[in-house]
Amino acid sequence: MLTKLLPKGYFQGAPDLAVEVISPNNTFEELHQKIVEYFENNCRLVWVINPDEKSILVYHKPQPDKLLQVADNLDGEDILPGFILPVTDLFMELDF
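Definitions and cut-offs
- Residues numbered from 1 in each chain as written.
- Predicted model: local features only at pLDDT ≥ 70, side-chain atom pairs only at ≥ 80, totals over all residues.
- Heavy atoms only, no water.
- Salt bridge = Lys/Arg side-chain N within 4 Å of Asp/Glu carboxyl O.
- Helix = DSSP H or I, 4+ residues; strand = E, 2+ residues; numbered from the N terminus.
- Buried < 20%, exposed > 50% of the residue type's maximum accessible area, 1.4 Å probe, protein only.
- Phe/Tyr/Trp six-rings, centres within 6.5 Å; stacked < 30°, edge-to-face > 60°.

Once that is clear, we can look at the pattern of salt bridges. For the structure shown, the criterion picks out 4 salt bridges. Measuring nitrogen to oxygen at the nearest pair gives 3.3 Å for the salt bridge that ties Lys34 to Glu20. With Lys34 in helix H1 (residues 28-40) and Glu20 in strand E1 (residues 17-21), this pair connects stretches of sequence that are 14 residues apart. Relative accessible area serves as the criterion here: at 10%, Glu20 is assigned to the buried category. One salt bridge connects Lys61 with Asp65, and the closest N-O pair in it is separated by 2.5 Å. By relative accessible area, Lys61 is classed as partly exposed at 39%. Overall, Asp65 belongs to the partly exposed group, its relative accessible area being 35%. If you follow the salt bridges from partner to partner, you end up with Asp16, Arg44 and Asp78 in one network.

Structural data, given as structure tokens:
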């Protein structure tokens, strides 16, 4: 059995799926530049989660393709086959 260790340092390239969560310190320009870089490096799908608006922007290119809200389902498409998450579940209040 041949095993390989993950390389140390930064991975060259982009993931198939990138997930960004908007924080109060993010600027639109900063977020857009990250998305552009993902697709310049062959990323296939980006989800931008906005906790304040309880929404998710889905990207297949540097411009958003769709806006998902709490009544919708987040779909892993061909990147994560079978993955479906109700958007409302992502934003539900946790009771610890």
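Once that is clear, we can look at the packing of aromatic side chains. One pass over the full model with this rule turns up 1 aromatic pair. Between Trp47 and Phe83 the ring centres are 5.9 Å apart and the planes differ by 25°, which places this aromatic pair in the stacked class. With Trp47 in strand E2 (residues 45-50) and Phe83 in the loop between strand E5 (73-75) and strand E6 (84-86), this pair connects stretches of sequence that are 36 residues apart. The class of Trp47 is buried, set by a relative accessible area of 5%.

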